[in-house]
Amino acid sequence: MKTILVTGAAGGVATQIRPLLRAHYRLRLSDRTPVPDPVAGEEVIAADLGDVAALRQAIAGVDGILHLGGKSVEADWDIIHDANIVGCYNLFEAARLEGVKRIVFASSNHAVGFYPRAETIGIDVPVRPDSRYGLSKAFGEAVGALYAYKYGAEVMSIRIGNVTAVPADRRRLAIWQSPRDFVQLVRIGLEHPGIRHEIVYGVSDNARAWWDNGNAHRLGYRPEDRSEDQAEAALAADRGPSGDPRIDDNQGGIFCVVEEL
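1. Brief notes about the overall build of the protein
- In terms of helices and strands, the protein carries nine helices and nine strands.
- Expected size for 261 residues packed as a compact globule is a radius of gyration near 18 Å; at 17 Å, the protein falls within 12% of this value.
- Counting only C-alpha atoms and orienting by the principal axes, one finds that the protein spans roughly 50 × 35 × 35 Å.
- A buried classification covers 52% of the 261 residues belonging to the protein.
- Put simply, 65% of the contacts in the protein that link residues at least 6 apart link residues at least 24 apart.
- Of the roughly 11,400 Å² that the protein leaves accessible, carbon and sulfur atoms contribute 51%.
- One way to put it: in the protein the 29 positive side-chain charges average out to a point 4 Å from where the 35 negative ones average out.

2. Some words on the packing of helix α1 (residues 12–21) against helix α6 (residues 179–191)
- It is the contact of α1 with α6, at a shortest axis distance of 10 Å, that shows an interaxial angle of 70°. Between α1 and α6, the interaxial angle falls into the category roughly perpendicular. Residues V13, Q16, I17, L20 and L21 of α1 form the contact with α6, whose own contacting residues are P179, R180, F182, V183 and V186.

3. A closer look at α6
- Look at α6: 18 Å from first C-alpha to last across 13 residues, which is about the 18 Å you get at 1.5 Å a residue.
- Among the 13 residues in α6, ten count as buried, and that is most of the element.
- Of all the positions in α6, only P179, D181, F182, V183, Q184, L185, V186, I188, G189 and L190 are classed as buried.

4. Some points on the packing of aromatic side chains
- Here the structure, examined in full by the defined rule, presents five aromatic pairs.
- Plain terms: the ring middles of Y89 and Y147 are 6.2 Å apart, the flat faces sit at 70° to each other, and that makes the pair edge-to-face. With Y89 in helix α3 (residues 77–98) and Y147 in helix α4 (residues 132–151), the pair connects residues that are 58 residues apart, well separated along the chain.
- Given a relative accessible area of 2%, Y147 falls into the buried group.
- Between Y201 and W211, the ring centres sit 4.9 Å apart and the planes meet at 15°, which makes this aromatic pair stacked. Taken as a pair, Y201 in strand β9 (residues 197–202) and W211 in the loop between β9 and α7 (214–218) lie far apart in primary sequence, ten residues in all. The pair Y201 / W211 is uniform in exposure class, with both members buried.
- These aromatic residues form a ring-pair network of at least three members: Y89, F92, Y147 and Y151.

5. Brief notes about a negative patch on the surface
- Taken together, the side chains of D76, D78, D82 and E260 define an acidic patch exposed on the protein surface.
- Tracing the backbone shows D76 in the loop between β4 (64–67) and α3.

6. Digging into the pairing of strand β2 (residues 25–30)
- Burial runs high along β2: five of the six residues are buried.
- Each parallel crossover has a hand, and the one from strand β1 (residues 2–7) via α1 to β2 is right-handed.
- Pairing analysis gives three bridges linking β2 to strand β3 (residues 42–44), with the strands arranged parallel. In the sheet register, L27 faces β3, and the bridge partner there is E42.

7. Quick notes on the side chain of N84
- For N84, the position within the fold is in helix α3.
- At 2.7 Å, the side chain of N84 and the backbone nitrogen of K71 are in polar contact.
- In this structure the side chain of N84 is engaged in a polar contact, spanning 3.1 Å, whose partner is the side chain of S136.
- Beyond its immediate stretch of four places on either side in the chain, N84 contacts G70, K71, I79, Y133, S136, K137 and F139.

8. Brief notes about the sheet that holds β4
- With parallel pairing, the seven strands of this open sheet are ordered in space as β3-β2-β1-β4-β5-β6-β9. Two strands close off the open sheet at either side, each with one partner strand: β3 and β9. Averaged over all adjacent pairs, the angle separating strand axes in this sheet is 20°, with direction ignored.
- Sheet topology note: the strand β5 (residues 102–108)/strand β6 (residues 154–160) ladder contains seven bridges and is parallel.

9. What about the environment of V44?
- Relative to the helices and strands, V44 is located in strand β3.
- C-alpha of V44 to C-alpha of A9: the two residues are 35 residues apart in sequence and 8.9 Å apart in space.

10. Details of the nonpolar core
- Of all hydrophobic cores here, the largest spans 29 residues; its most connected members are V6, L21, L66, L68, I158, F182 and V186.
- Those elements that place two or more of their residues in this core are β1, α1, β2, β5, β6 and α6.
- Ranked by residue count, the leading element in this core is α6, at six residues.
- With sequence-adjacent residues up to four places away left out, V186 is seen in contact with L21, L66, V104 and I158.
- Judged by nonpolar contacts, the second largest core, of 23 residues, contains A54, A58, F92 and V155.

Quick notes on the rules
- Residues numbered from 1 in each chain as written.
- Predicted model: local features only at pLDDT ≥ 70, side-chain atom pairs only at ≥ 80, totals over all residues.
- Heavy atoms only, no water.
- Helix = DSSP H or I, 4+ residues; strand = E, 2+ residues; numbered from the N terminus.
- Rg over C-alpha atoms; globule rule 2.2 N^0.38 Å.
- Buried < 20%, exposed > 50% of the residue type's maximum accessible area, 1.4 Å probe, protein only.
- Contact = heavy atoms within 4.5 Å.
- Areas by Shrake-Rupley, 256 points an atom, 1.4 Å probe, with all protein chains shown as cover.
- Lys, Arg positive; Asp, Glu negative; His and termini not counted.
- Charge placed at Lys NZ, Arg CZ, Asp CG, Glu CD.
- Axes fitted to C-alpha atoms, helices over the stretch in contact; angles between N-to-C directions.
- Parallel < 35°, antiparallel > 145°, perpendicular 65-115°, else oblique.
- Expected span 1.5 Å × (residues − 1).
- Phe/Tyr/Trp six-rings, centres within 6.5 Å; stacked < 30°, edge-to-face > 60°.
- Patch = residues over 30% accessible without salt bridge, like charges linked within 9 Å, V, L, I, M, F, W, Y side chains within 5 Å.
- Salt bridge = Lys/Arg side-chain N within 4 Å of Asp/Glu carboxyl O.
- Right-handed = clockwise from strand over helix to strand, strands pointing away.
- Pairing = 2+ DSSP bridges.
- Polar contact = N/O pair within 3.5 Å; in protein donor to acceptor, adjacent residues only side chain to side chain.
- Core = buried A, V, L, I, M, F, W, Y, C linked by side-chain atoms within 4.5 Å.

Written out as structure tokens, the structure reads:
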């Protein structure tokens, strides 16, 4: 089995998918906070994204990287800058120095959050970040492209919608992705031959989706789950329109107005 480094391994997405990833890879788990409940087949190495030397130690000898680390919501600029700008660059540079080419980068729908919900977009639209967080994810995609085309890395950037067991509300009926569908995309990013730099959307087979995910399908992605199967519960839990068109009309929702979460 290949050994995969998972950064941000103490976070919510990593916690959901670790059992699924263990069926295919040996896992090296890294975070700056304690990783909960490691089991057989999982190795834990603490590393801060601000420390290139520590990142090199965490990366040394792995076959690929799933980069989930960094700040996962909107925050002030200093936090976003250190975790998602400097930290992302450090991760790619440490991988280059250790000779690890295959990297799956957790981008976000918030890199394009200011597109209208009424519009279906593909991967080729210009970025429209809805937040400092979204801006950092657009930066991460660009770093992936730089390291792919200049240094020979093999990168997939996944614009994640919302990875949870079930969609929580109306908006997430459009952007939801089940953990097993997310892992399917991660495996394509880690294993598909001939990748240079690909961008795909992290979304299940959702009838209400705002994104054309043809590039993921071209690479072999066949989602197994559908948000519409959970629509009744999601719509019942929805709080209704906020009254602010920036939130209600744009794909990024609350990120289009909020300064910190």
